[in-house]
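Here's the letter readout for the chains.
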Amino acid sequence: MRGCTCRQTVNRCGYSEGDEIMDDVLRYDHVDISYNGRKVVKEISFTVSEGEILGIVGESGSGKSTVIKAAMGLLGQNGLCTRGDIWYRDKNLTELSAEVLRKLCGPELGMIFQNSGASFCPVRTVEDQLYESVKAHRPVSREEFRREAAELMRRTGLEEGGRVLKSYPFELSGGMQQRVGIAAAMLLKPAVLFADEPTSALDTITQKQVVEEMLLIRKTFGTAIVLVTHNIGVIRAMADKVLVMKDGIMCEYGDARQVLSSPQHQYTKALLEAVPKLKINTKSPVHLERSLAGHIGFL
Amino acid sequence: MNVIKMEPVLRVENLTGIYKGKNGRDPKTAFTAVDHVSFELMPGECLGIIGESGSGKSTLVNMIIRLLDAAEGSVILDGEDITTARGKELRKIYRKMQMVFQSPQESFDPRRTLSDGIGEGLRNSGMSGREAKEESIRLMKLCGLDPELAGCYPHEVSGGQCQRAAIARALAVKPKLLICDEATSALDVTIQKEIIELLDELRSREKEGFSILFICHDIALVQQFCDRVLVLYKGRIVEEGCPDDIINDPKDEYTKRLIAGVL
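By convention here, each chain's residues receive numbers from 1 onward along its written sequence. Following the order in which they are written, the chains are lettered starting with A and the ligands numbered starting with 1. In keeping with the model being predicted, local features are shown solely for residues with a pLDDT of at least 70 and side-chain atom pairs are shown and tallied solely at 80 or more, while totals for entire chains, interfaces and linings include all residues. Side-chain numbers come from the whole structure's heavy atoms, not from hydrogens or water.

Caption draft 1: Examining the confidence of the model for chain A more closely. Scored by pLDDT, chain A comes out at a mean of 84, with 89% of its residues at no less than 70. Here pLDDT means the predictor's own confidence in every residue, given as a number from 0 to 100. Two residues qualify as a contact provided that any one of their heavy atoms is within 4.5 Å of a heavy atom in the partner residue. Across residues 1-21 of chain A the pLDDT falls below 50, and counting only partners more than four positions away or on other chains, this stretch makes 53 contacts in the model.

This is the structure:
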């Protein structure tokens, strides 16, 4: 499975910093995961290189979230990685102690959840909470943090960074909360960003903003992203590689364009057929705009 | 179908919804979520309402189904003004109008079995327990559910199965209008497709035929399923028409952005 490069990435999304072949930052090697002794994820193997985006797609209960929780040590008391290895660079995450893994989570492995708003404390400002998370991993003054946060927000297209920092989470819209969740993860500049359904709770306009922000993060920082979603549109817009899961098993894995345009597995075919597609007249100006934006012509 | 001569199932006129300000009276913080919205829904028609979060879709629906009081305007269901209906009147109204919500599991009583939940409306309308059970099993079959699930509790079945049960429950009282508020948003695409096909099939059957008000933020789904669509932005209707026309030639800037947002 080794040897995937970021060359595809350069072609698709303009990540141009690394023209040379990069090493994998994350590698799942025949991973099985069980909950209460029942195997829920079987034989999962994939690799993610620097600056690469892997989309994991499947229906509810297919085990896609479990796969990324295993890397972050978030399986809980009843969950266990029973076979295989999860490699982050040269570290086997399944063998690390909780203490060592906790130090990696944040500066090396970041995570964005479906509902970022719910992961913030409602009675403290965004700034207090983000500052606390950064300070837990490295010494930083409040001033320095503010500068860094404002710079990050500017670079990731989040306007009004100052106002956002001073706000309480409930004062922000769902989309803004989600973007703050992304900023919270990115402040520690992780090498790998796990995103669990980051756009599922958002409407189409905000969803597009979040997708663009994540692509910008990859372009700016070269972050590898593992994106779990059931939204094929988001996968199509972002992923370089895609892994399709059903009932805890890998159905299909490969280049996103190839899998989405000519699926081999019966389940992938059914999944793609079920996606409602916007039917646009080829003579319509909307068609031209969407073609230019890259939404049409890739499926 | 000659729709011109038909009376609309639902007529909404100048409906306005205002969330009162702090302490329920501060006019400075009052917020108009729905602003003079008017539309009609004809028998057998499926009308989609699209818009981003906060555009007023759910407030509009909540006023129609009387979960919220309208500040202004009227809602006429099957020729009857229901804008201020309460108590017993509401029970009668809910035999003509039923809802299917976003989270199927949450819309069922967790302590009652699916057939109990489906048959509740029938028992309330005077049917005996036995008859109600038989009818709920017929409805389950109609909605593609295995009758063996009749004794299951909502948490024991999948989201898709539970949503089918919610549709069966809504159809039990043979409503003229079915309101689906993001009814497929929480489901996987494969299940979503099944539910849409089920609704489409049921709607076209003469016996169960009903109109649908379909609230959704997925434009592609609305195009596939609805006869007509309203685009709601900041509580106002900014565009209205056939989905294909609106998608291919949007007039309003907001509609253009909404379509551009579809990935």
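Caption draft 2: Structural detail: unusual backbone geometry. All names here are of chain B. Although it is not a glycine, Asn-14 adopts a positive phi angle of roughly 50 degrees. Each helix corresponds to a stretch of at least 4 residues labelled H or I by DSSP, and each strand to a stretch of at least 2 residues labelled E; elements are numbered beginning at the N terminus. Topologically, Asn-14 is positioned in strand 1 (residues 10-19). Look at Lys-234: it is not a glycine, yet its phi comes out positive at around 50 degrees. Inspection of the secondary structure puts Lys-234 in the loop between strand 9 (228-233) and strand 10 (236-241). Residue exposure (1.4 Å probe, protein chains only): buried if accessible area is under 20% of the type maximum, exposed if over 50%, otherwise partly exposed. According to the relative accessible area criterion, Lys-234 is exposed, its value standing at 60%.

Caption draft 3: Structural view of the sheet that holds strand 3 (residues 46-50) of chain B. All names here are of chain B. Strand pairing requires that DSSP identify at least two bridges connecting the strands. Spatially, the six strands line up as an open sheet ordered 6-7-8-3-9-10, and their pairing is mixed. Of all the strands in the sheet, the pair left with one neighbour each is strand 6 (97-100) and strand 10. Going from strand to strand, the sheet's axes swing by 20 degrees on average, the running direction of each strand aside. Between the N-to-C directions of two axes lies an angle of 0 to 180 degrees, each axis being a line fitted to C-alpha atoms and, for a helix, fitted only over the stretch in contact. Of the strands in this sheet, strand 6 and strand 7 (177-181) are in contact with helix 2 (residues 87-96), which crosses strand 6 at around 70 degrees. Contacts from helix 6 (residues 189-204) reach strand 3, strand 7 and strand 8 (211-215), with the element oriented near 155 degrees to strand 8.

Caption draft 4: Spatial organisation of helix 5 (residues 159-171) of chain B. Residues and elements named next belong to chain B. What a helix is expected to span follows from its residue count: subtract one and scale by 1.5 Å. Across its 13 residues, helix 5 extends 18 Å between first and last C-alpha, which sits within 8% of the 18 Å expected from 1.5 Å per residue. Among the 13 residues that make up helix 5, 11 are buried, leaving the element largely enclosed by the rest of the structure. For helix 5, the complete set of buried residues consists of Gly-160, Cys-162, Gln-163, Arg-164, Ala-165, Ala-166, Ile-167, Ala-168, Arg-169, Ala-170 and Leu-171. The inward-facing, buried residues of helix 5 contact strand 6, helix 3 (114-124), helix 4 (129-142), strand 7 and helix 6.

Caption draft 5: The arrangement of the packing of helix 11 (residues 266-274) of chain A against helix 6 of chain B in detail. Where helix 11 of chain A contacts helix 6 of chain B, the axes come no closer than 8 Å and their chain directions differ by 55 degrees. In this view, helix 11 of chain A runs oblique relative to helix 6 of chain B, as classed from their interaxial angle. The two elements helix 11 of chain A and helix 6 of chain B meet at a crossing, and its hand is left-handed. Seen from helix 11 of chain A, the contacting residues are Ala-270, Leu-271, Glu-273 and Ala-274 of chain A; seen from helix 6 of chain B, they are Val-189, Thr-190 and Lys-193 of chain B. Each angle receives one of four descriptions, namely roughly parallel if under 35 degrees, roughly antiparallel if over 145, roughly perpendicular if within 65 to 115, and oblique otherwise. Helix crossings fall into two classes, left-handed where the near helix is turned counterclockwise from the far one by less than a right angle and right-handed where it is turned clockwise.

Caption draft 6: Region of the structure containing helix 3 of chain B. Residues and elements named next belong to chain B. Those residues of helix 3 that fall on the buried side of the exposure criterion are Leu-114, Ser-115, Gly-117, Ile-118, Gly-119 and Leu-122. Contact partners of the buried residues in helix 3: helix 4 and helix 5. One or two residues past the end of helix 3 sits Gly-126, with phi positive at roughly 100 degrees.

Caption draft 7: Main features of the packing of aromatic side chains. Centre distance within 6.5 Å is the pairing criterion for rings of Phe, Tyr and Trp, where only the six-membered ring of Trp is used; planes under 30 degrees apart are then read as stacked, over 60 as edge-to-face, and the remainder as tilted. Scanning all chains against the criterion turns up five aromatic pairs over all chains. Aromatic side chains Tyr-168 of chain A and Phe-170 of chain A sit 5.9 Å apart centroid to centroid with 15 degrees between the ring planes, which places their arrangement in the stacked category. The class for Tyr-168 of chain A is partly exposed, based on a relative accessible area of 30%. Note on Phe-170 of chain A: relative accessible area 61%, which makes it exposed. Positioned above the aromatic ring of Phe-225 of chain B is the side chain of Arg-203 of chain B, whose terminal nitrogen or guanidinium carbon lies 5.7 Å from the ring centre. A ring is scored as having a charge over it whenever the NZ atom of a lysine or the CZ atom of an arginine sits within 6 Å of its centre and within 35 degrees of its normal.

Caption draft 8: Here's a closer look at a positive patch on the surface. Together, Lys-88, Arg-91, Lys-92 and Arg-95 of chain B make up a region of like positive charge exposed at the surface. Residue placement: Arg-95 of chain B occurs in helix 2. A patch consists of residues whose relative accessible area exceeds 30% and which take part in no salt bridge; residues with like charges are grouped when within 9 Å of each other, and nonpolar side chains (Val, Leu, Ile, Met, Phe, Trp, Tyr) when within 5 Å. In short, Shrake-Rupley with a 1.4 Å probe defines the accessible areas, and a residue's cover is counted only from the protein chains shown. The term salt bridge refers to a side-chain nitrogen of Lys or Arg lying within 4 Å of a carboxyl oxygen of Asp or Glu. Counted as positive: Lys and Arg. Counted as negative: Asp and Glu, with His and the chain ends omitted from the count. Every charge is mapped onto a representative atom, which is NZ of Lys, CZ of Arg, CG of Asp or CD of Glu.

Caption draft 9: Broad picture of the layout of surface pockets. All names here are of chain A. Looking at the second largest pocket, its volume works out to about 1000 Å³. Met-72, Leu-74, Cys-105, Met-111 and Phe-113 are, among the 37 residues lining the second largest pocket, the residues nearest its centre. Elements with a contribution of two residues or more to the lining of the second largest pocket: helix 2 (64-72), strand 4 (79-88), helix 3 (98-104), strand 6 (109-112), helix 4 (126-135) and helix 7 (174-186). Residues are sorted three ways: Asp, Glu, Lys and Arg are charged, Ala, Val, Leu, Ile, Met, Phe, Trp, Tyr, Cys and Pro are nonpolar, and all the rest, Gly among them, are polar. The residue inventory of the lining of the second largest pocket, partitioned by class, reads 22 nonpolar, 13 polar and two charged. Mapping the lining of the second largest pocket onto the domain boundaries places at least three of its residues in each of domain 1 (1-108 + 190-255) and domain 2 (117-189). Grid spacing is 1 Å over the protein atoms alone, the probe is 1.4 Å, and a cavity is where that probe fits but cannot get out, while a pocket is an open set with protein on both sides within 12 Å along at least five of seven lines and lining residues have an atom within 4 Å of a point. Grid points are joined across faces, edges and corners, and a volume is the space filled by probe spheres set on the points. The domain boundaries here were taken from an automatic or database domain assignment.

Caption draft 10: View of the environment of Asp-26 of chain B. Relative to the elements of secondary structure, Asp-26 of chain B occurs in the loop between strand 1 and strand 2 (31-41). Residue class for Asp-26 of chain B comes out partly exposed when judged on its relative accessible area of 27%.

Caption draft 11: Examining the confidence of the model for chain B more closely. In this model, chain B carries an average pLDDT of 89, and 95% of its residues clear a pLDDT of 70 or more. Two summary scores accompany this predicted model of the complex, namely pTM at 0.78 and ipTM at 0.71.

Caption draft 12: Region of interest: the interface of chain B and chain A. Counting from both sides, the interface comprises 26 residues of chain B and, opposite them, 31 residues of chain A. Buried area: the accessible area, evaluated with a 1.4 Å probe, that two parts lose upon being put together, summed over both parts. For the pair chain B and chain A, the two sides together bury roughly 2500 Å², of which 59% comes from carbon and sulfur. Considering only the side of chain B, the residues that lose the most area to chain A are Val-189, Asn-248 and Leu-263 of chain B, jointly responsible for 29% of the buried surface there. Summed over the shared surface of chain B and chain A, the number is zero salt bridges. Taken together, the elements giving at least two residues each to the side of chain B that touches chain A come down to helix 6, helix 7 (219-225), helix 8 (243-248) and helix 9 (253-260) of chain B. Partitioning the side of chain B that touches chain A into residue classes produces 13 nonpolar, eight polar and five charged.

Caption draft 13: Spotlight on the environment of Pro-169 of chain A. Residues and elements named next belong to chain A. Among the structural elements, Pro-169 can be located in the loop between helix 6 (161-166) and helix 7. A relative accessible area of 3% means that Pro-169 is categorised as buried. In the structure, Pro-169 is positioned 88 residues away from Arg-257 in sequence and 37 Å away in space, judged by C-alpha atoms. If near-sequence neighbours (up to four positions away) are discounted, Pro-169 is found in contact with Phe-120, Cys-121, Pro-122, Arg-124, Val-126, Gln-129 and Gln-177.

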